[in-house]
Every structure is written in C-alpha cells, then in structure tokens.
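Each chain, written out:
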Amino acid sequence: MTTLETLERETLAAIDAANDDAALEAVRISALGKKGAISELLKTLGAMSPDERKAQGPLINGLRDRVSAALAARKAALGQAALNARLETERVDVTLPVRPVGMGRIHPVSQVADEVQQIFADMGFAVAEGPDIEDDETNFGKLNIPPEHPARQMHDTFYLKPQADGVRYLLRTHTSPVQIRTMLQQRPPIRVIVPGRVYRCDSDQTHTPMFHQVEGLVIDETTHMGHLKWVLEEFCKAFFEVPQVRMRFRPSYFPFTEPSAEVDIQCDRRGSELRFGEGKDWLEILGCGMVHPKVLENCGIDPHRYQGFAFGAGLDRLAMLKYGIPDLRPMFESDLRWLKHYGFAALDIPSLAGGLAR
Ligand code: DAH
C-alpha cells in the first residue's frame, strides 16, 4: 500500500474515532494544519518535475479533498448528536407538578373596600377621593362644626403645626370632608362614595389611630329619606350576602345632617359566630342622615332646590363583622401570619352581586 493510501486510511479512521469537536480539531490540524501531513505533501508538489507533479498532484489534492469532506461530515454529525443529547436531557416534562409561587394575600380591608365599591357601582355611584391632610375648615367648618363645637371633642384630632397664613391643617378625622370637596367641584346630581383612611388619636381593641371609612353622598332635587333607607338596605343585603336584612334607624345627631340617624342591623350572636338577617340582636353599622341645608349652602348649593342624603361607615368594622375578625389592631401590624389567615387569594373574590342580583 502506498504512503498516500496509508495516510488516507489512518486519517479517515482518526476522523471517525474523534468523539468531540476538540478531538476532531486535533485530527484536522495534524492532517491539514500548517504543518499537517497532507499540507506537507502539498508543499512537495512545487519541487517536483512537471511529469511527477501531473501524476502526484491529483492524488494529493484528491486526498486533501476527501479528508476535508470527511472532516466536515464528522463535524456535522457531532453537532447533530450534541443537539439530540441536549433535546433528550432538556425535554420539558409537562406532567411535573407546578412549583408553588409565593403569592401575596389581599388585606381584608382592601377586599372589603373593593366589595363596597362594586356594590355601590352597581347602584350608579362614582368613587371620589380627597387628601389625608385636610384643612380645619373642610374637615369641620363647612360641615357645620364651627370651632368650639362640642362635636370636635369626639374627634381626637391630630393637628399639624399652625401655618403662617392661619390655615390649620390636620389629619382628616373622617371621610366627610370629601362631601364638601365634591360639592364644591361638582353640581348636582351627585352620587358618590368615598373610601379612605382617617385618623384619630385613639388606641384600644376597637380603635386604632388610623382606620378606614366609606362615605356616601347623594344630592339632587327629589332624593328623600326613603331613598337613603333603600340604598342602605340593598347595600347590606349585597354586602352580607343575605336575602334580607332588618334594619333599625335610631334618631341620632351629626352636625352635618338633619335629621340624623344611626343604623343597626339585626343579627344573631351564637357564641363567637355572628349571622345577619336573623336573630334578636342589633348591631350598629353606620351613621347617616339628610344633608344639612347649611352644609349645602356652605358649598354654594341652593338648599331650597336641592337635597340629599349622606352616610358614613367604618370599613374596618365592616370587614370585622363580615369576616369574623375579633380585634382591630392586628389589621395594621403587618404580621404576615395574620394576613395569611385573614387575607384573600387574589383570584377568589367571592360573588359580589349578593342580595342585589337575587
Ligand atoms: N363622619 C361621621 C363620623 O366619622 C360619620 C357620618 C355620620 C358620616 C353621618 C355621614 C353621616 O356622612 O351622614 O363619625
């Protein structure tokens, strides 16, 4: 066998035996690299006589071409094998259980605020908002609570440092100032609810310095107390998800409504369980009344032409009642164990239609 045939056989065998790119590259260098065996043979062509070159040229070039082709084919085969191996090991097993994702919980107050907004939206109420830092006049004065009015004492107000211009800022003690802001900005008919944070300097099992209220305000030419009763009744049925509720309107006093009432709903306390729409107990859930003519006047609305009602309820209290939460304070302590227990999964919002749809 000639040297060329031996070289070809050995090179092709080495190519065949190369099991990865590095081994294949080593074979290529030893055959076709600058100092490779075939490259050295090609270099000898120059020194040959024309006849010799004619005879050897095609043999050596043919050898080079076959070796090059074998290298390329092997390279392609190795690439394919590597890809197959990867596809095999990286295959997605769709039968594996899903890895648990750490999902947050919805705070009961957020949940209840959403529910309340949904229910009132169904009755055609828009949502209005106002600032937490309010001025004295909007929080009290325009609501018919002048300085020295005894009602101010019930509000345990957090005051801010007095301003040079005499305006006194405070942390709003209720959502009622947003009634004023709304009436100053909008002409009747007005139909809004106002969920929001409020502040009072008070702390025990049922009071925290910050808590939440929802205010309601309806102003137009014909609204009367019957409408107020209907709206609150529909709200309670939808919110507590009961087909009917009995309500009691107790005469009360708020400076910004006349007449004023506090509303109790009938319930049944069995041990620690609380049921609505049945039973012999009464539970206070909100304050309300017909908007005082002075308040309308303070907002530039003619009380001889327009009238309406307002109400205010504690959102946290509504959450405690509906979801059986015994203590108010942990609501705002950011304890994740509490939130895990009382919070809501983002996707399982209970039916909101409740009593309204039935
Ligand atoms: N703002 C009152 C409070 O915080 C609650 C309230 C009572 C609001 C009667 C009203 C209302 O709109 O009509 O105690």
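As shown above, the structure is provided for reference.
Residues numbered from 1 in each chain as written. Predicted model: local features only at pLDDT ≥ 70, side-chain atom pairs only at ≥ 80, totals over all residues. Heavy atoms only, no water.

Draft legend 1. Highlighting the overall build of the protein. Assigned secondary structure in the protein consists of 12 helices and 10 strands. A globule of 358 residues ought to have a C-alpha radius of gyration of about 21 Å, yet the protein, at 42 Å, is considerably larger. Taking the principal axes of its C-alpha atoms as reference, the protein extends roughly 125 × 55 × 40 Å. Across the 358 residues of the protein, 42% fall into the buried class. (Helix = DSSP H or I, 4+ residues; strand = E, 2+ residues; numbered from the N terminus. Rg over C-alpha atoms; globule rule 2.2 N^0.38 Å. Buried < 20%, exposed > 50% of the residue type's maximum accessible area, 1.4 Å probe, protein only.)

Draft legend 2. Here's a closer look at the site of the ligand. In the vicinity of the ligand, 15 residues are found, and the nearest of them are His174, Ser176, Arg200, Gln213 and Glu215. Arg200 places a polar side-chain atom, nitrogen or oxygen, 2.9 Å from an oxygen atom of the ligand. One of the side-chain N or O atoms of Glu215 is found 2.6 Å from an oxygen atom in the ligand. Secondary structure elements with two or more residues in the shell around the ligand: strand 5 (210-220), strand 9 (281-291) and strand 10 (307-314). Per-class residue counts for the shell around the ligand are 5 nonpolar, 8 polar and 2 charged. (Near = heavy atom within 4 Å. Polar contact = N/O pair within 3.5 Å; in protein donor to acceptor, adjacent residues only side chain to side chain. Nonpolar A, V, L, I, M, F, W, Y, C, P; charged D, E, K, R; others polar.)

Draft legend 3. Inspection of the nonpolar core at higher detail. One finds Val116, Phe120, Phe235, Phe240, Phe311 and Leu318 to be the most contacted residues of the largest nonpolar core, which totals 45 residues. Elements with a minimum of two residues in this core: helix 5 (108-122), strand 5, helix 8 (225-240), strand 7 (257-270), strand 9, strand 10, helix 10 (315-323) and helix 11 (336-342). With 8 residues, the single largest contributor to this core is helix 8. Ranked by size, the runner-up nonpolar core spans 22 residues in total, among them Phe140, Ile145, Ala151 and Ile180. (Core = buried A, V, L, I, M, F, W, Y, C linked by side-chain atoms within 4.5 Å.)

Draft legend 4. Spotlight on the environment of Gly130. By the secondary structure assignment, Gly130 is in the loop between strand 1 (126-127) and strand 2 (133-135). The class for Gly130 is partly exposed, based on a relative accessible area of 22%. Once the C-alpha coordinates of Gly130 and Arg172 are considered, the two residues, 42 residues apart in sequence, prove to be 9.5 Å apart. In contact with Gly130, not counting residues within four places along its chain, are Arg172, Val178 and Arg181. (Contact = heavy atoms within 4.5 Å.)

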